[in-house]
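# Observations on the three-dimensional arrangement
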2 protein chains.
Amino acid sequence: MTTTTGSSGLDALFRPRTIAVIGASDDPRKIGGRPIRYMLEAKTTATLYPVNPTRSEIQGLQAWPSAESIPGGIDQAIIAVPASMAEKAVADACAAKASAIVMFTGGFAEAGEEGAEAQRRIVELVRKSGARLLGPNSIGAFNTADRTFSTFATAMDRGTPEAGRIGLVSQSGAVGSYLQNLLINRGMAISKFVATGNEADIDVAECIEWMAHDPETEVIALYLEGCRNGPALLRALRVARETKTPVVVFKAGKTDAGQTAAASHTGALAGSAKVFDTALRETGALPCETLFEMVEAIYACSLGRLPKDNTVCVISVSGGFGVMLTDAAVEHGLSMPPISAETLATIQQELPLAVGLNPIDTTAQTVSDRTMLARTVERILRDRSYGSVVLFMANAGRNPHDVQVLREPLKKLREDFADVQLALCVQTIPETRAELEQLGYLIFEDPTQAIKALAAASSISHSLRNPTPAASVMECAPLQLSHNPDEAQSKEILSSAGIEFAREIVAATADEAVAAAKEIGFPVVLKVLSAQIAHKSEVGGVALGLADEEAVREAFARVTGNAAKAVPDAEIRGVTVAQMVSGGTQTIIGGHIDPTFGPIVMFGLGGIYTEVLKDTVLRTAPVTHDDAIQMIRSIKTFSILDGARGQEKADLDAIARAIVQMSQFIATHADEVESAEINPFIALPKGGFGVDSLIHLSNQH
Amino acid sequence: MTTTTGSSGLDALFRPRTIAVIGASDDPRKIGGRPIRYMLEAKTTATLYPVNPTRSEIQGLQAWPSAESIPGGIDQAIIAVPASMAEKAVADACAAKASAIVMFTGGFAEAGEEGAEAQRRIVELVRKSGARLLGPNSIGAFNTADRTFSTFATAMDRGTPEAGRIGLVSQSGAVGSYLQNLLINRGMAISKFVATGNEADIDVAECIEWMAHDPETEVIALYLEGCRNGPALLRALRVARETKTPVVVFKAGKTDAGQTAAASHTGALAGSAKVFDTALRETGALPCETLFEMVEAIYACSLGRLPKDNTVCVISVSGGFGVMLTDAAVEHGLSMPPISAETLATIQQELPLAVGLNPIDTTAQTVSDRTMLARTVERILRDRSYGSVVLFMANAGRNPHDVQVLREPLKKLREDFADVQLALCVQTIPETRAELEQLGYLIFEDPTQAIKALAAASSISHSLRNPTPAASVMECAPLQLSHNPDEAQSKEILSSAGIEFAREIVAATADEAVAAAKEIGFPVVLKVLSAQIAHKSEVGGVALGLADEEAVREAFARVTGNAAKAVPDAEIRGVTVAQMVSGGTQTIIGGHIDPTFGPIVMFGLGGIYTEVLKDTVLRTAPVTHDDAIQMIRSIKTFSILDGARGQEKADLDAIARAIVQMSQFIATHADEVESAEINPFIALPKGGFGVDSLIHLSNQH
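Note that the structure is a prediction, hence the values are computed from the model and not measured. (Residues numbered from 1 in each chain as written. Chains lettered and ligands numbered in written order. Predicted model: local features only at pLDDT ≥ 70, side-chain atom pairs only at ≥ 80, totals over all residues. Heavy atoms only, no water.)

## What about the nonpolar core?
Within the largest apolar cluster, 298 residues are counted, with the highest numbers of intra-cluster contacts made by Leu13(A), Leu233(A), Leu13(B) and Leu233(B). Other than its neighbours up to four places away in sequence, Leu233(B) contacts Val204(B), Ala205(B), Ile208(B), Leu224(B), Cys227(B), Phe276(B), Leu280(B) and Phe597(B). Counting residues in hydrophobic clusters, the runner-up holds 84 residues, among them Ile493(A), Ala656(A), Ile678(A) and Phe681(A). (Core = buried A, V, L, I, M, F, W, Y, C linked by side-chain atoms within 4.5 Å. Buried < 20%, exposed > 50% of the residue type's maximum accessible area, 1.4 Å probe, protein only. Contact = heavy atoms within 4.5 Å.)

Spelled out as structure tokens, the structure:
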């Protein structure tokens with residue numbers, strides 16, 4: 001009944017109608033007993049077939065000697081047998097024409113080479129039969145609407161979860177379960193859950209794509225430890241953006257120490273944290289710093305409404321909290337446009353001590369009649385609309401009377417201003433919290449957290465509504481080089497790729513150097529030219545500001561001599577003669593191949609800024625001109641290019657053109673080139689050009 | 001019975017034995033009824049005297065016509081009458097010889113000039129009688145041990161709080177109450193609470209100092225909006241450090257927008273957020289970014305134990321969480337030294353799949369017997385000690401059986417390693433959480449939050465154990481200047497203050513300039529000299545690299561001419577002739593008078609670093625040489641001084657000496673000088689010297 005090609009092959013994983021549990025146990029606490037117990041307790045809509053050749057009945061259900069013996073075949077087989085019996089069980093599942101196999105059994109790739117070999121055999125078996133495999137070493141998957149709980153997660157001991165709208169995709173069963181509990185504790189409910197375990201077949205990317213199309217899933221929570229196929233992950237995240245499904249991500253392994261720990265845990269390459277973050281953001285997914293932050297961001301997206309922009313209006317019953325919320329809004333990039341003085345005057349007719357145009361401090365006057373708060377919000381939203389409104393109500397939510405009085409006005413407010421995200425910052429008791437959420441209000445306790453979550457939601461909203469068009473890779477002939485090119489060759493290659501360089505002539509002798517200097521015009525710069533010497537100034541291979549013929553002649557002898565002395569076996573082709581550049585701002589434009597996500601382009605200010613401040617920005621390559629402009633504007637030291645200290649502004653378009661060309665270069669030659677760098681690229685008030693460059697091939701080390 | 005001098009005058013505020021409530025109400029919901037209701041409900045140890053001339057009995061107690069009529073006098077009077085009757089009530093309290101007056105009544109300084117005038121009259125009245133005043137416009141104070149609740153805070157509607165160890169000092173009643181609830185929700189309990197309201201007499205500083213000596217208060221939570229007397233606040237915080245009392249602070253008004261909102265709320269100057277942060281940290285107090293962060297930091301200090309250092313060992317039942325905790329530890333400055341391979345081998349005898357030296361991943365093997373976790377921690381702590389240990393136990397805390405089994409082993413662990421802060425990262429139900437806390441374990445849900453709180457506690461612990469000795473201000477004759485000094489005079493003044501400058505000669509004519517250049521040695525720099533021209537290069541008033549007599553002569557005419565043209569009414573004294581400096585690193589050393597905290601010294605890298613990156617560090621002046629070295633090391637771009645890019649390291653002692661002298665200069669001349677700056681101060685591999693400087697007097701604008 002389910003197709004097994006593409007992501008539709010996951011239907012049998014998430015919406016099975018018939019499930020065989022191979023290795024079924026009568027003991028409801030054993031891993032072969034738990035899924036049966038959970039589904040019986042939850043009154044699953046699927047038909048369950050316990051498979052156990054030694055018993056006739058399991059947990060009150062008829063037991064079957066094998067999956068193959070079940071009449072009519074099955075959609076899904078759960079494998080809950082020891083590792084030694086796993087291959088046989090998989091063969092049985094395939095024979096029963098299972099479309100999806102959920103494999104709890106561990107002891108495979110995660111346990112060493114022997115296990116990896118067994119895992120490869122199982123995958124081969126599954127592939128042949130056309131089935132799809134979750135795991136091995138997975139705690140399973142579940143669907144709360146159909147109440148199919150193909151999992152042994154002990155998190156279910158608190159009861160199988162209610163149906164909700166959050167899709168949870170995790171590479172780790174433990175983290176997935178923990179996160180599930182955190183979401184439930186925060187009043188949210190899960191639609192689908194999957195922990196991908198060893199990812200021998202089905203990976204997180206496919207699960208994301210499937211959930212992006214699932215009408216029961218409104219937000220996706222994603223936990224990642226590593227990624228074997230970066231481009232597939234990015235494709236899946238882009239699909240989620242197309243279906244307007246927010247994806248909130250936590251990625252473990254941000255620091256070197258964390259990555260080392262991750263490598264010993266999963267064996268998978270954690271990848272560069274910065275590239276990961278960049279790549280996720282490009283697709284519109286939101287990476288979070290902590291699990292709590294993740295839960296709060298998901299919460300802010302969970303009521304079926306996102307802020308339409310990043311404006312926020314803060315209304316508070318206490319000035320101190322108005323200040324706190326304002327600080328937080330500024331720090332997290334929300335904008336606080338003011339209400340009109342006329343509207344404040346209207347508010348003051350009821351609340352004479354009210355002050356401020358945004359934040360608006362109602363003072364404690366509303367304690368006697370909380371409905372005044374709702375009227376204040378209404379007056380404000382009749383004046384102007386906001387992406388979000390935060391109403392700080394102190395401890396009002398602890399008082400059932402206050403909430404009773406506010407219910408109708410709040411309901412009307414929610415209906416009248418359907419396009420505004422309404423959040424209450426208030427201390428509550430669980431019942432009033434649930435009641436207020438039911439009305440469509442987000443409820444936060446901590447003011448800063450309220451703002452942070454609204455900022456996260458408005459950033460997600462922005463990227464769902466403004467998908468950046470992807471640049472297409474241009475056609476290009478391969479380089480076909482057998483050795484790393486030297487500086488002059490590198491420049492030639494990048495020049496052909498459309499990047500401008502300072503005029504430069506290669507000179508093999510002092511006479512040629514003098515002739516070149518005369519052609520270019522004094523003063524000039526001489527640099528030794530050798531494929532074996534990358535850091536020319538470190539070996540005394542550079543001479544600056546040569547004003548005449550004599551100086552050039554002397555410098556030629558000096559730089560080639562220094563270089564030969566420093567690197568005796570270097571093949572020295574001579575020198576490059578270039579115009580002495582003065583003025584402009586040194587930038588760096590680079591490209592490299594990330595092991596997870598492929599071609600990446602980089603931009604930053606050159607020299608000390610790159611080395612000391614690490615103030616660089618990355619994108620997956622290729623990029624569009626608009627992307628490149630955004631990259632330039634996003635470095636911390638952008639003001640230096642933007643005319644700080646009375647300098648002329650740099651020509652951003654010229655820098656952007658070079659970034660685009662570099663991104664095309666690294667993307668088209670991703671198979672041959674490991675990295676390329678223009679350092680410095682001089683940004684001028686009009687135009688810009690590279691001065692030095694280096695290309696490193698992927699087959700050379 | 002209480003003395004009213006110094007902070008001991010606060011005894012009657014926090015430990016009254018007899019309390020008169022002036023404006024007492026029989027209605028337990030009115031502000032004059034609430035304190036009586038709260039204290040009756042809580043069975044207060046104090047004797048209550050309701051004062052109300054119109055009634056004979058109030059809430060079952062005998063009512064008195066006036067405070068003065070109460071036989072034997074009173075320790076404390078609460079004033080809960082309308083503003084119009086307040087002065088009379090205060091006079092009555094004074095006549096009754098109240099040592100402390102808690103004034104709920106609002107409508108004073110916060111309500112405009114008329115109210116401010118009335119407030120001044122009240123303060124005069126109180127001062128004359130020798131009493132102390134809390135408020136006006138305060139929600140009051142309370143003591144949970146004595147059960148004296150001199151407050152009308154509605155937060156008590158959930159019941160008066162139990163006795164605990166957290167002292168809460170807040171400038172805002174609303175924020176104080178909200179914070180009180182957050183702390184209680186997190187399982188903590190309050191010892192003393194005070195909201196200082198208008199601070200007409202008693203301010204937060206005095207309350208902090210009193211609580212620092214209070215044996216019932218172990219940690220102080222401080223909420224600030226502004227500060228009228230910075231030095232008093234710092235003194236109080238230093239007293240808290242002396243009594244080893246952690247102080248955790250939230251300061252509202254961090255951003256410009258927040259400060260504007262704060263100004264309209266309190267009327268008080270919020271002050272520079274960066275100076276505030278600096279000054280608080282210097283005393284050992286810990287400023288927090290959010291209320292939640294504050295609550296978590298207090299929690300980490302609340303079990304009577306602080307981490308002895310910043311080392312942490314992470315033990316996790318799931319690799320993913322080990323990675324998360326490691327990332328967080330690195331990001332928050334904790335160190336993770338490894339256990340020995342032998343100890344891991346011992347652990348592996350029981351848990352064969354356990355991996356890692358720190359983090360240590362026990363894997364899910366411990367699910368069958370949770371006591372293995374306690375044994376693992378014990379093995380680790382027998383190997384080496386840590387400041388803190390975090391044990392991640394997933395959802396184990398939701399299962400009463402798991403906790404049952406672990407109680408004894410955890411208890412023993414806590415006793416055996418009394419000097420280690422032990423934290424569990426686990427999901428719990430409220431009962432198990434309370435039980436585990438009872439055993440002396442910190443309980444966290446979010447891994448990052450656990451680490452952040454432990455990092456906060458270890459930073460507090462470090463500063464309580466290592467108070468930095470304060471520098472003493474040197475004696476110094478006043479400057480007695482009537483006008484802002486020009487550059488040359490500024491240098492002369494700062495030279496006398498002990499700061500080295502580049503050799504420089506003032507020249508009034510071109511001939512004098514040439515003579516000076518010859519004396520100094522070519523090449524030289526010429527700068528126009530005029531008290532009216534601060535930014536000399538902007539008016540063309542600087543000439544660099546003058547190599548000979550002719551160049552100096554030409555430059556003299558040019559720079560004085562340019563300056564005269566640009567600033568026609570400037571009085572031009574001539575030029576300064578200085579040696580042309582090359583090499584070294586430009587730094588900036590400054591000092592200014594902060595309106596709240598007084599003399600402040602500043603250090604940073606010069607030029608673009610200061611202007612674009614705002615990479616500067618502040619301290620209250622004066623500083624010691626060690627302080628100055630720490631300042632230098634704490635800038636983000638310190639690596640530039642520390643030999644980045646193969647440069648020679650700068651002479652940090654020479655920079656530090658200049659910082660110390662500048663700090664002494666600004667501190668000794670705090671009454672005369674508004675700001676002073678050496679920019680640049682050139683840091684060399686050996687020595688360093690100022691090149692340019694500027695002093696601005698406080699009476700000049």
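## Quick word on the side chain of Ser461(A)
All names here are of chain A. By the element assignment, Ser 461 lies in helix α16 (residues 447-465). Ser 461 gets classed as buried once you look at its relative accessible area, which sits at 4%. Excluding its chain neighbours within four sequence positions, the residues that come into contact with Ser 461 are Leu 306, Pro 307 and Lys 308. (Helix = DSSP H or I, 4+ residues; strand = E, 2+ residues; numbered from the N terminus.)

## What to know about the interface of chain B and chain A
Chain B puts 61 residues into the contact, and the matching count from chain A is 61 residues. Both faces combined, the contact of chain B with chain A buries some 4900 Å², and carbon together with sulfur accounts for 63% of it. Viewed at the interface, chain A and chain B are joined by zero salt bridges. Scanning the region where chain B abuts chain A turns up 20 residue pairs in polar contact (both at pLDDT 80 or more). Examining the composition of the side of chain B that touches chain A, we find that nine residues originate from one element, helix α11 (residues 319-331) of chain B, more than from any other. Classifying every residue of the side of chain B that touches chain A gives 30 nonpolar, 19 polar and twelve charged. (Buried area = accessible area lost by both parts, 1.4 Å probe. Salt bridge = Lys/Arg side-chain N within 4 Å of Asp/Glu carboxyl O. Polar contact = N/O pair within 3.5 Å; in protein donor to acceptor, adjacent residues only side chain to side chain. Nonpolar A, V, L, I, M, F, W, Y, C, P; charged D, E, K, R; others polar.)

## Some remarks on the relation of the copies chain B and chain A
The operation relating chain B to chain A is a screw motion whose rotation component is 180 degrees, with 0.0 Å of axial translation and a residual RMSD of 0.1 Å. Considering both components of the superposition, the chain copies are consistent with a two-fold axis. (Least-squares fit on C-alpha atoms with pLDDT ≥ 70 in both.)

## A closer look at the sheet that holds strand β19 (residues 442-444) of chain B
The strand order across the open sheet built from five strands is β16-β15-β17-β18-β19 (chain B), with neighbouring strands paired in parallel fashion. Two strands in the sheet have a free side with no partner beyond their single neighbour: β16 (360-361) and β19 of chain B. Pairing between strand β17 (residues 388-397) of chain B and strand β18 (residues 421-428) of chain B: seven bridges, direction parallel. Bridge pairing in β18(B) places Ser388(B) opposite Gln421(B). The sheet strands contacting helix α5 (residues 173-185) of chain A are β17, β18 and β19 of chain B, and the helix crosses β18(B) at an angle near 70 degrees. Sheet strands in contact with helix α10 (residues 291-300) of chain B are β18 and β19 of chain B, and its direction is about 150 degrees off that of β19(B). (Pairing = 2+ DSSP bridges. Axes fitted to C-alpha atoms, helices over the stretch in contact; angles between N-to-C directions.)

## A closer look at the packing of aromatic side chains
Applying the stated criterion across every chain, the model contains 22 aromatic pairs over all chains. Ring geometry for Tyr178(A) against Phe392(B): centres 5.1 Å apart, planes inclined by 55 degrees, an arrangement best described as tilted. Here Tyr178(A) is found in helix α5, whereas its partner Phe392(B) is found in strand β17 on a different chain. Phe392(B) matches Tyr178(A) in its accessibility class, with the two residues each being buried. Judged by centre distance (5.0 Å) and plane angle (90 degrees), the rings of Phe276(B) and Phe597(B) are edge-to-face. Taken together, the positions of Phe276(B) in helix α9 (residues 273-282) and Phe597(B) in the loop between β24 (585-594) and β25 (598-605) put the pair 321 residues apart, joining distant regions of the chain. Through a chain of ring-to-ring contacts, three or more aromatic side chains come together here, namely Phe142(A), Phe149(A) and Phe193(A). The residue whose ring lies beneath Lys251(B) is Phe276(B), and the NZ or CZ to ring-centre distance is 4.5 Å. In this structure, Arg384(B) is placed above the aromatic ring of Tyr386(B), and the distance from its NZ or CZ to the ring centre is 5.6 Å. (Phe/Tyr/Trp six-rings, centres within 6.5 Å; stacked < 30°, edge-to-face > 60°. Lys NZ or Arg CZ within 6 Å of the ring centre and 35° of its normal.)

## Details of the domain arrangement of chain A
Interface size is commonly expressed as the accessible surface area that is lost when the partners come together. In terms of domains, chain A is made up of domain 1 (1-138), domain 2 (161-302), domain 3 (312-465), domain 4 (508-513 + 521-574) and domain 5 (585-697). One C-alpha centre belongs to domain 4 of chain A, the other to domain 5 of chain A; they are set 27 Å apart. (Domains from an automatic or database assignment.)

## Considering α16(A)
Taking 1.5 Å per residue as the helical rise, α16(A) with its 19 residues ought to reach 27 Å, and the 27 Å between its terminal C-alpha atoms agrees with that figure. Counted residue by residue, α16(A) has 15 buried out of 19 residues, so it is predominantly covered. (Expected span 1.5 Å × (residues − 1).)

## Observations concerning the pairing of strand β15 (residues 312-316) of chain B
Residues and elements named next belong to chain B. Most of β15 sits inside the fold, with five of its five residues counted as buried. Because side chains alternate across β15, one face comprises the buried residues Val 312, Val 314 and Ser 316, and the other comprises Cys 313 and Ile 315, equally buried. In this structure, β15 lies alongside β17, joined through five bridges in parallel fashion. Across the sheet, the residue bridging to Ser 316 is Phe 392, located in β17.

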